[in-house]
Amino acid sequence: MELKTRHLTPEEIDEAAQILREGMVVAFPTETVYGLGANALDPEAVKSIFRAKGRPQDNPLIIHLAIAQQVEGFVQEVPPQALLLMERFWPGPLTLVLKKTEQVPDIVTAGLDTVAVRVPDHPVALELLRLTGFPLAAPSANRSGRPSPTRAEHVLADLGGLIPAVLDGGETGWGLESTVLDCTVTPFRLLRPGGVTLEELRDLVPVLYQAEGDGTGTEAPRSPGMKYQHYAPEAKVYLVTGDGAATKIKELSEPYRKRGEGVGVMTWDERAELYPSLTVLPMGPEGNFAALAHNLFHLLRQADILGLKVLFIEGVSEDNLGLAIMNRLRKAADQREIKM
Ligand code: TXA
Ligand code: MG
């Protein structure tokens, strides 16, 4: 059914809360990306999230809370090291996977015996959680497989006509989704790198991280979401890393250019002049990972708006926020990674 999606301002937050109370979904801003929220304790409401996103039912959702104390009731126990992380990083872009209680509906966790929880660090999200009084189950508010939305206009582009409302809090801060950490195993295991970095986590607790697709493991993915394609623009994406990247990109782009097809390159501002005949999507000042993270999904969406046939992306180093950035870029490139 085609709906008229309302575009609400933060002054209209009461209306967003009312829509949620009525068992419907609302897209709302967090400090990472926009989420598509519904009452986590109402299985029918949560079902609408999967429907609107076109999300596979076996991919569980994160429960968003107003305050850390609210985890009581939803999780069986909080290991002392997880408590340490909550105290340090909440509210903030860190999602903890813990053993769930029966209070959490199966549809939220896709039948798993664990639940992902976080307290978002965004005034609008926190106010919405306080107004409704219930926790919000929320995945990123994009159609499944598309880049996560960092602006209300991205949500409308993907879900306009499919959801009752988006609450517009402007551009999100981090621009990448939260770090997901499995706290049900020892040592804790990083399932998805994000705003809270591996280095920051390891300052406090031991954390295991095995990059996806590094060829060392045959284990099934622990985070169901990891197996799905993500962040893919229509354009074919190549991730090119190393010193010879510019030469390689020019070489690979030639056949497309000859056919008159749109070719884009995502590169640091200072390197734009290396590509006079390509459409440059600027990543920001060289080495500024925070600026790149903030703009990354917007740039991927720009590739489609510009109608690019192919997009080359220069890889970045994988320390700190770079790990989360490269994780998203690899998914956008769907294995097309060239190391020079
Ligand atoms: O920053 C964020 O995390 C955003 C905002 C809206 O909070 N949300 C978000 O949700 O990115 P989503 O659904 O797009 O990604 C959640 C990830 C998925 O990879 C999912 O498989 C994983 O967390 N996940 C959720 N519950 C899990 C669980 N119980 N065990 C393991 N992984 C889980
Ligand atoms: Mg997502």
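What you are looking at is a predicted structure, and each value in this text was computed from that prediction instead of being measured. (Residues numbered from 1 in each chain as written. Chains lettered and ligands numbered in written order. Predicted model: local features only at pLDDT ≥ 70, side-chain atom pairs only at ≥ 80, totals over all residues. Heavy atoms only, no water.)

K.L.:
Got a minute to help me understand the overall build of the protein chain in this structure?
P.N.:
Per the secondary structure count, the protein chain includes 10 helices and 16 strands. Dimensions along the principal axes, computed over C-alpha positions, put the protein chain at roughly 60 × 50 × 30 Å. Out of the 340 residues in the protein chain, the part that is buried amounts to 55%. Sequence-distant contacts in the protein chain: of pairs separated by 6 or more residues, those separated by 24 or more amount to 69%. With the model as given, the accessible surface of the protein chain reaches about 14,500 Å², and the carbon-plus-sulfur share is 50%. Positive and negative side-chain charges in the protein chain, numbering 34 and 45 respectively, have mean positions lying 6 Å apart. (Helix = DSSP H or I, 4+ residues; strand = E, 2+ residues; numbered from the N terminus. Buried < 20%, exposed > 50% of the residue type's maximum accessible area, 1.4 Å probe, protein only. Contact = heavy atoms within 4.5 Å. Areas by Shrake-Rupley, 256 points an atom, 1.4 Å probe, with all protein chains shown as cover. Lys, Arg positive; Asp, Glu negative; His and termini not counted. Charge placed at Lys NZ, Arg CZ, Asp CG, Glu CD.)

K.L.:
Even after reading the chapter, I still don't get the pattern of salt bridges, so can you show me in this structure?
P.N.:
Oppositely charged side chains are able to pair whenever their charged atoms sit close together. Within the structure shown, the criterion is met by 17 salt bridges. Glu31 is the salt-bridge partner of Arg118, the closest N and O atoms lying 2.8 Å from each other. A residue pair is termed long-range when its members are at least 10 positions apart, and Arg118 in strand β6 (residues 114–118) and Glu31 in the loop between β2 (26–28) and β3 (35–39) qualify at 87 residues. Of the charged contacts, one joins Glu314 and Arg271 as a salt bridge, the two residues approaching to 2.7 Å between their closest N and O atoms. (Salt bridge = Lys/Arg side-chain N within 4 Å of Asp/Glu carboxyl O.)

K.L.:
Mind showing me how you'd approach the domain arrangement of the protein chain here?
P.N.:
Interfaces are often described in size by the accessible area the parts lose on coming together. According to the domain assignment, the protein chain consists of domain 1 (6–209) and domain 2 (236–339). Of note, the centres of domain 1 and domain 2, computed from C-alpha atoms alone, are 29 Å apart. Listed by partner, the interface residues are 29 residues for domain 1 and 16 residues for domain 2. Summed over both sides, the interface between domain 1 and domain 2 buries roughly 1,700 Å², with carbon and sulfur atoms accounting for 54% of that surface. For the domain 1 face of the interface with domain 2, the top three residues by lost area are Pro147, Leu176 and Pro193, together amounting to 31%. (Domains from an automatic or database assignment. Buried area = accessible area lost by both parts, 1.4 Å probe.)

K.L.:
Explanation requested: the sheet that holds strand β16 (residues 337–339) in the structure shown.
P.N.:
Hydrogen bonding along the main chain pairs the strands of a sheet, whether they run parallel or antiparallel. Spatial ordering of the open sheet is given by β14-β13-β15-β12-β16, a layout of 5 strands whose pairing is parallel. Lying at the two open borders of the sheet, with one neighbouring strand each, are β14 (279–282) and β16. With direction set aside, neighbouring strand axes in the sheet form an average angle of 20 degrees. Pairing of strand β13 (residues 263–267) with strand β15 (residues 310–314) involves 4 bridges; the strand directions are parallel. Following the sheet pairing, Val263 is matched in β15 by Val310. Its contacts with the sheet place helix α9 (residues 289–305) against β13, β14 and β15, and it is angled at close to 160 degrees to β14. (Pairing = 2+ DSSP bridges. Axes fitted to C-alpha atoms, helices over the stretch in contact; angles between N-to-C directions.)

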